[in-house]
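# Secondary and tertiary structure notes
Read off the chains here:
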Amino acid sequence: QVQLVESGGGLVQPGGSLRLSCAASGSIFRIYTANWYRQAPGKERELVATIVPPGGSTNYADSVKGRFTISRDVGKNTVYLQMNNLKPTDTGVYYCKASLLRQAYWGQGTQVTVSS
């Protein structure tokens, strides 16, 4: 069992930065694949970034490549999403997901709003 809690969302102007955190408890988080998803109003949830154990290889949606960075701090049992050069189209609720084989766990989400 894994419990996930996201934090770090907020209101930011275009071109600004935010760092989201996903803190895990209840299991050996480092062995899980971790993802960040987002859901904009009226749209389907989309995959933004992935980090895969054990080597920490990463993948990104084309829309965020070069601007977003996913990383993991094993000691803190936390996954991060550093978001730079934010655009209004990045607005949405951001969710953390952890998966291992048939197990999948989601956090409650954190709101990111990019607006001037």
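An account of the accompanying structure is given in this report. Keep in mind it's a predicted model, so treat the numbers as computed, not measured. (Residues numbered from 1 in each chain as written. Predicted model: local features only at pLDDT ≥ 70, side-chain atom pairs only at ≥ 80, totals over all residues. Heavy atoms only, no water.)

### As for the environment of Pro14
Inclusion rule: Numbered from the N terminus, helices here are DSSP runs of H or I no shorter than four residues, and strands are runs of E no shorter than two. Partly exposed residues are those whose accessible area sits between 20% and 50% of the maximum for their type, while under 20% is buried and over 50% is exposed, using a 1.4 Å probe and protein chains only. Contacts: residue pairs with any heavy atoms within 4.5 Å of one another.
The residue Pro14 is located in the loop between β2 (10–12) and β3 (18–25) in this model. Exposure remark for Pro14: the relative accessible area of 40% places this residue in the partly exposed category. Between the alpha carbons of Pro14 and Ser63 there is a distance of 15 Å; along the sequence they are 49 residues apart. Discounting residues that sit within four places of it in the chain, Pro14 has contacts with Leu86, Pro88, Val114, Ser115 and Ser116.

### Here we look at the packing of aromatic side chains
The condition is simple: To pair, rings of Phe, Tyr and Trp, with the six-membered ring standing in for Trp, must have centres within 6.5 Å; the planes then decide the type, stacked if under 30 degrees apart, edge-to-face if over 60, and tilted in the middle.
Enumeration according to the criterion identifies 3 aromatic pairs in this entry. Centroid distance Tyr32 to Tyr105: 6.3 Å. Interplanar angle 65°. Geometry classified as edge-to-face. One end of the pair, Tyr32, is in the loop between β3 and β4 (33–39); the other, Tyr105, is in strand β10 (residues 103–106), with 73 residues separating them in the sequence. Each member of the pair, Tyr32 together with Tyr105, is buried. With a centroid separation of 4.9 Å and an interplanar angle of 55°, the aromatic rings of Tyr37 and Trp106 are classed as tilted.

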